[in-house]
Amino acid sequence: MVDALVEAHNLVKIYKAADLEVVALQGLDLHVPRGEMLALVGPSGAGKSTLLNILGGLDEPSAGKCMVAGVDLTHLSARDRLRYRRRVVGHVWQQTSRNLLGDLTLLDNVMVPMVLAGYPARRRKRRARELLELVGLGPRMRYRPDRLSGGEQQRGALAVALANEPPLLLADEPTGELDSVTAREVLGLLRGLNAELGLTTIIVTHDKLVAEAMDRSVAIRDGRTSTEVLHAEERAEETAIIDSVGRLQIPKALLDAVRFSGRARVHLAGDHLELWPAAGAPSGNGANSGNGAAKS
Ligand code: ADP
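So, a few notes on the structure that sits alongside this text.

### Quick notes on the overall build of the protein
The secondary structure content of the protein amounts to 9 helices and 14 strands. Overall, the protein is about 75 × 40 × 40 Å in size when its C-alpha atoms are taken along their principal axes. Counting all 296 residues of the protein, 46% fall into the buried class. For the protein, the share of sequence-separated contacts (at least 6 apart) that also reach a separation of at least 24 residues comes to 61%. On the protein, roughly 15400 Å² of surface is accessible, and the fraction owed to carbon and sulfur atoms is 50%. Distance between charge centroids for the protein: 6 Å, based on 37 positive and 36 negative side chains.

Structure below.
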């Protein structure tokens, strides 16, 4: 298997509030090779932010396995968690105010994570300048965020996120507050960083354009990965993900097309499987019509 930067297996996250339990992730599997640009899509409440928070070291999984860059996120001391957050992941949020400190210049903003990680002063300044050049903000490095456009602020946020050379960039709706032209600019920059630094990037997005600009989109539904689309292929095709214990989420459009009423008969048919509603063959079709068949 390709060298994975992120490997989640049967990941579970349960939030407890008073006597209520919310199962935000219920046995999620995810494999992200180094250098991949991945979009996480899916309806609101599906568990995307929960997953991003776990990968970012901001939240702990309740059960399962989660390795990022060789770090086991299920067993981290407070000290190791802090180190992980400073060294392994960079975050870009939708709200620019969450990414940049308003009373510092861009240059100082980019240096903050390096101060926290203990970089020597000389190296901090040199690297901050280089990063701001890389994201096209060299001439603006002495500006405070309020003098920058939305796109410039997000590019500055990228420079901050990359300050400590993390192998993984996490972005939650990074273009959500930008117009489409500026959003494309930021996406182009992400692509460039991916090519230049080999940066593995995971983006949560509701925007189809953003998702299609990534190498792959994985849809999360009910706390599990359900379908994926490889965009790099000439003819992008949605495929359903079968997890390590054989669970499969049938895409909603197909589920609406064939009524299963909670049960299916599964037949091995040579090199593929066929799913039939358990109560009988689909109405109006012969047994060999292929309606409801899932080629595996
Ligand atoms: P998404 O990002 O896909 O919209 P989330 O990960 O935010 O989904 O949420 C998944 C589920 O977990 C939702 O039902 C949400 O209400 C619940 N949830 C998320 N964070 C918390 C929390 N801190 N406490 C309790 N429930 C939460």
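### Looking at the site of the ligand
The immediate surroundings of the ligand are formed by Tyr15, Val22, Ala24, Pro43, Ser44, Gly45, Ala46, Gly47, Lys48, Ser49 and Thr50. In the environment of the ligand, an oxygen atom lies 2.6 Å from a nitrogen or oxygen atom belonging to the backbone of Gly45. A distance of 2.8 Å separates an oxygen atom of the ligand from a polar atom in the side chain of Lys48. Starting from 560 Å² of accessible surface for the ligand in isolation, the protein chains cover 60%. Sorting elements by how many residues they give to the shell around the ligand places helix α1 (residues 48-55) first, with 3 residues. Looking at side-chain class alone, the shell around the ligand contains 5 nonpolar, 5 polar and 1 charged residues.

Cut-offs and rules
- Residues numbered from 1 in each chain as written.
- Predicted model: local features only at pLDDT ≥ 70, side-chain atom pairs only at ≥ 80, totals over all residues.
- Heavy atoms only, no water.
- Helix = DSSP H or I, 4+ residues; strand = E, 2+ residues; numbered from the N terminus.
- Buried < 20%, exposed > 50% of the residue type's maximum accessible area, 1.4 Å probe, protein only.
- Contact = heavy atoms within 4.5 Å.
- Areas by Shrake-Rupley, 256 points an atom, 1.4 Å probe, with all protein chains shown as cover.
- Lys, Arg positive; Asp, Glu negative; His and termini not counted.
- Charge placed at Lys NZ, Arg CZ, Asp CG, Glu CD.
- Near = heavy atom within 4 Å.
- Polar contact = N/O pair within 3.5 Å; in protein donor to acceptor, adjacent residues only side chain to side chain.
- Nonpolar A, V, L, I, M, F, W, Y, C, P; charged D, E, K, R; others polar.

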